[in-house]
Amino acid sequence: MSYTDEAKENFKALAKNPYPGRGIVLGTSPDGKSFVQVYWIMGRSVNSRNRVFEMEAKTGFMKTKAFDESKLTDPHLIIYYPARHTADVQIITNGDQTDTIYDAIKLGGTFESALATRQYEDDAPNFTPRISGIHYKNAQPALYKLSILKSRNNSEDAGCERATFEFEKALPGLGHFISTYVTDGKPIPSFEGSPKLMPIFDTAEENLKKYWNALDKDNKVSLMVKVIDRKTFKAKTLIVNKNK
């Protein structure tokens, strides 16, 4: 099976999955000129579904925000910056570890050293994984990386299992996907294995539409697509929110 066919099959599987949870896709545009980041959030509870993505005008960072402040019962783990950047990196994560990575890199640290200070979320019995991604302007040694910090079998007994995946070659029209969960469950099973190939479509608008339409209509909450020019590292971000 070709990489493209593999990505198509994985995309079909995503469209049939009621609850992959939060997901990240990092890849390269079909013309090879841009890096692409896709990030979405889903929710089952009222509190989780009461969110929108919003761009911060002053910084260009993206944050989550309560759609209806009167219904916000617990901001813990659901209000954070999914996307921040410097002149040399574009960071995307499913939690406040975005800030941990951003702060560490500003001080001369690394993606890995920052995440070494964190672990999975404290939301027993799920112990939701922390998933993180980063694109580099100067690809030495990697163009981009994905990370997952998770428990084994929804238990703290084995401590935090850490994996970082480095991708050193751009595959035009393809990306790598990681999510918090395999699918729905009680407790919800954590993502397993290596990141999966996914398609990257021609434009930011097409990626936004295709990925948004692929997510379960009842559980999807918000989705972001960021397209980063490989030469200038300037980015364009599109957002869609279920709550309007």
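As a starting point, this report considers the structure included with it. (Residues numbered from 1 in each chain as written. Predicted model: local features only at pLDDT ≥ 70, side-chain atom pairs only at ≥ 80, totals over all residues. Heavy atoms only, no water.)

This part covers the sheet that holds strand 10 (residues 174-179). Taken in spatial order, the six strands make up an open sheet running 11-10-1-2-12-13, and their pairing is antiparallel. The open sheet has two edge strands with one neighbour each: strand 11 (196-199) and strand 13 (235-241). Each adjacent strand pair in this sheet contributes to an overall mean axis angle of 20°, direction not counted. One ladder, built from four bridges, connects strand 10 with strand 11; its direction is antiparallel. Each residue of the ladder has a partner; that of H176, found in strand 11, is L197. Strands strand 2 (34-42), strand 10 and strand 11 of the sheet are contacted by helix 1 (residues 3-16), whose axis makes an angle of about 90° with strand 11. Helix 5 (residues 204-214) contacts strand 1 (23-28), strand 2, strand 11, strand 12 (220-229) and strand 13 of the sheet and is inclined by roughly 155° relative to strand 12. (Pairing = 2+ DSSP bridges. Helix = DSSP H or I, 4+ residues; strand = E, 2+ residues; numbered from the N terminus. Axes fitted to C-alpha atoms, helices over the stretch in contact; angles between N-to-C directions. Contact = heavy atoms within 4.5 Å.)

Our next topic: unusual backbone geometry. Of note, the bond from A124 into P125 is cis; its omega dihedral lies within 30 degrees of zero at 10°. Its identity as a non-glycine residue notwithstanding, N154 has a phi of 55°, on the positive side. Of note, N154 is situated in the loop between strand 8 (144-150) and strand 9 (161-167). Under the relative-accessibility criterion, N154 is labelled buried at 17%. Although it is not a glycine, F233 adopts a positive phi angle of roughly 65°. Mapped onto the elements of the fold, F233 is located in the loop between strand 12 and strand 13. (Buried < 20%, exposed > 50% of the residue type's maximum accessible area, 1.4 Å probe, protein only.)

Now for the environment of T232. Inspection of the secondary structure assignment puts T232 in the loop between strand 12 and strand 13. Residues T232 and D88 lie 144 residues apart in sequence; the distance between their C-alpha atoms is 10.0 Å.

A few words on the environment of S155. Structurally, S155 is set in the loop between strand 8 and strand 9. For the pair S155 and N126, spaced 29 residues apart in sequence, the C-alpha to C-alpha distance is 8.2 Å. Reaching out from S155, the side chain makes a polar contact with the backbone nitrogen of D157 at a distance of 3.1 Å. (Polar contact = N/O pair within 3.5 Å; in protein donor to acceptor, adjacent residues only side chain to side chain.)

Take the layout of surface pockets next. A volume near 370 Å³ is recorded for the largest pocket. Around the largest pocket, the lining is made up of 20 residues, and of these R22, S45, S48, I78 and D123 lie nearest the centre. The residue inventory of the lining of the largest pocket, partitioned by class, reads six nonpolar, eight polar and six charged. (1 Å grid on protein atoms, 1.4 Å probe; cavity = no way out; pocket = protein on both sides within 12 Å on 5 of 7 lines; lining within 4 Å. Points joined across faces, edges and corners; volume = space filled by probe spheres on them. Nonpolar A, V, L, I, M, F, W, Y, C, P; charged D, E, K, R; others polar.)

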